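# Structure assessment
Okay, here's what each chain looks like letter by letter:
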Amino acid sequence: MRILGIESSCDDTGVAIFDTQKGLLANQTNHQTNTHRDLGGVVPELASREHVLHIMPLVTAALKEANISKNDINAIAYTQGPGLIGSLIVGCTTAKTLAYTLNIPAIGIHHLEGHLLAPMLEPEKPEFPLLGLLVSGGHSQLIQVNQLGDYHILGESLDDAAGEAFDKTARLLGLGYPGGPLVADLASKGRPRFNFPRPLAKQDNLNFSFSGLKTHVMTTINRLTENGNKELDLATKQDIAFAFEEAVIDSLLIKCKKAVSKTGIKTLVITGGVSANKKLRSVFSQAEGFRVFYPDLKFCTDNAAMIACAAAYRLLRGERDHYIDILPKARWPLHEII
Ligand code: KG4
Ligand code: ZN
C-alpha cells in the first residue's frame with residue numbers, strides 16, 4: 001500500500017509518500033522560518049497562507065521524487081490535530097479533496113502519534129510496550145505506549161514545553177528563531193560555570209517544569225548585565241546556554257529514569273523537535289537501565305513522513321475516515337484517541 005501523507009499543523013508544510021513494503025519513497029517539506037523569523041514566533045494567519053501556497057506544489061514534487069503518478073497512491077493521510085486551526089484546515093481539506101477525487105480512503109492522524117511513531121521509519125524499530133518522551137515546541141510528555149492507540153500519559157510539563165523554553169532562552173540571549181538549534185550551537189562552545197536548578201527533580205511524580213529555568217536565565221542575565229546596563233560577552237552567553245541545556249536534559253533524564261523504574265519498561269523512544277539535540281542524544285545514549293531509540297534527525301521536527309508511517313499502522317487494521325467530514329481539531333489530548 002502506498003500512502004501520501006500531509007503535515008500542516010504549524011509552520012512546516014510536509015508531503016511524503018510511504019510504501020508499506022518499500023518504506024519511504026518521498027519526503028518534501030517547506031519550512032516557513034523566513035516568514036516568521038522577524039515576527040518573534042509563528043503568526044497563525046501567515047502560516048495558513050503559506051500552506052495554501054506550497055501544499056499542491058509539494059504533492060507534485062513528492063510524486064516526482066517517488067517516480068509514481070497520483071493513480072499509484074492507495075490512501076491519503078493528514079494531520080487532523082492538534083495544531084493551529086487555519087493550518088490544519090488547509091492540510092485536512094487538501095487531503096480529503098485528493099482522496100475524494102482519486103476515490104481512495106483518507107485518514108486523519110494525531111500529530112503526537114506521528115511524532116511517537118517516527119522511530120518506526122528507521123531500520124531498527126522499537127517494540128511495544130515502550131515509553132515515549134515527546135519533547136517539542138508545544139509538548140513535553142512522558143507517555144506509556146502499550147500498543148498502537150493505547151497511550152497513557154505518565155507525566156507532562158506543568159508550564160512551558162522543553163522546546164518553548166529553548167525558544168524563549170534564545171530570545172533572552174538575543175538569538176533568532178527557532179531557538180533550539182541556536183541555543184544548542186552556543187551551548188556546545190560553553191563551559192560548566194553556572195549551576196541551574198532541576199525543577200521538580202525531587203518530586204516522585206513524572207511531571208516537568210521549564211518556565212522556572214527560563215526565568216533563571218533571565219535573572220542570571222540581569223545580574224551579569226546590571227539590569228541591562230552592560231553587554232554580555234560571547235563566552236558568558238555560551239556558558240549560560242551550556243547551563244540551561246544541561247539543566248533541561250538532566251531534568252528529562254531524571255524523570256525518564258523514574259518512569260523506567262515505575263513501569264519496568266526499558267525501551268525509551270525520544271521524539272519531537274528537541275530530540276534533534278545532540279547533547280541530549282549523547283547523554284541519554286550513555287545512561288544505563290534502558291535502551292533508547294530516536295527518529296532520524298530530519299524526522300524529529302514536523303514532517304509528513306511520520307504522518308504517513310503512523311497512518312500505515314491504522315490503515316492496515318482497517319481504519320479510515322468518512323469522506324465528507326472535514327474535522328480538524330485544534331485541541332486533541334492524545335489519550336482520547338484509540
Ligand atoms: O516538533 P517540532 O518541530 O514542532 C512542534 O510540534 O512543536 O519542534 C520544534 C521545537 C522548537 O521549539 C525548536 O526550538 C526545538 O524543537 N528544537 C530544538 C532543536 N531543534 C529543534 N531544541 C533543542 N535542540 C535542538 N537541536
Ligand atoms: Zn510537532
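Here the structure is shown first, and the text comes after it.
In this report, the structure presented in the accompanying data block is examined.

Parameters at a glance
- Residues numbered from 1 in each chain as written.
- Chains lettered and ligands numbered in written order.
- Predicted model: local features only at pLDDT ≥ 70, side-chain atom pairs only at ≥ 80, totals over all residues.
- Heavy atoms only, no water.
- Helix = DSSP H or I, 4+ residues; strand = E, 2+ residues; numbered from the N terminus.
- Polar contact = N/O pair within 3.5 Å; in protein donor to acceptor, adjacent residues only side chain to side chain.
- Contact = heavy atoms within 4.5 Å.
- Pairing = 2+ DSSP bridges.
- Axes fitted to C-alpha atoms, helices over the stretch in contact; angles between N-to-C directions.
- Phe/Tyr/Trp six-rings, centres within 6.5 Å; stacked < 30°, edge-to-face > 60°.
- Buried < 20%, exposed > 50% of the residue type's maximum accessible area, 1.4 Å probe, protein only.
- Donors = N, O, S within 2.8 Å, 3.2 Å for Na, K, Ca; no water.
- Tetrahedral: all angles 85-135°; square planar, octahedral: opposite > 155°, others 65-115°.

Let's shift gears to the side chain of Gln80. If you trace the backbone, Gln80 turns up in strand E4 (residues 75–81). Within the local environment of Gln80, its side chain forms a polar contact with the backbone oxygen of Leu327, the two atoms lying 2.9 Å apart. The residues contacting Gln80, other than those within four sequence positions of it, are Leu88, Gly108, Ile109, Leu327, Pro328, Lys329 and Trp332.

The sheet built from five strands is open, its strands ordered E3-E2-E1-E4-E5 with mixed pairing. The open sheet has two edge strands, strand E3 (23–31) and strand E5 (106–110), and neither has a second partner. When the angles between neighbouring strand axes are averaged without regard to direction, this sheet yields 20°. Where strand E1 (residues 2–7) and strand E2 (residues 12–19) come together, six bridges link them in antiparallel fashion. When the bridges of E2 are listed, Ile3 appears paired with Phe18.

Time to look at the packing of aromatic side chains. One pass over the full model with this rule turns up three aromatic pairs. Arranged with centres 5.0 Å apart and planes meeting at 80°, the rings of Phe166 and Phe244 form a pair that is edge-to-face. One end of the pair, Phe166, is in helix H5 (residues 162–172); the other, Phe244, is in helix H8 (residues 234–263), with 78 residues separating them in the sequence. Like Phe166, the residue Phe244 is buried in the burial classification.

What follows deals with the coordination of the zinc ion (ligand 2). Within the protein, the atoms that donate to the zinc ion (ligand 2) are His111 (NE2), His115 (NE2) and Asp302 (OD), at distances of 2.0 to 2.1 Å. Here the zinc ion (ligand 2) binds four donor atoms, and the angle range of 93 to 142° at the metal identifies the geometry as irregular. Here the donor residues for the zinc ion (ligand 2) map to a single chain with the spacing H-x3-H-x186-D. Pair noted here: His111 is in helix H4 (residues 111–117) and Asp302 is in the loop between strand E10 (291–293) and helix H10 (305–316), with a separation of 191 residues, a long-range link. Of the two residues, His111 and Asp302, both sit in the buried class.

Next up on the list: the pairing of E4. For E4, the tally of buried residues reaches seven of seven residues, placing the bulk of the element in the interior. Two strands pair when backbone bridges link them, and E1 and E4 are joined in this way by four bridges, in the parallel orientation. When the bridges of E4 are listed, Ile6 appears paired with Tyr78. With five bridges connecting them, E4 and E5 associate as parallel partners. The partner of Gly81 across the bridge, within E5, is His110.

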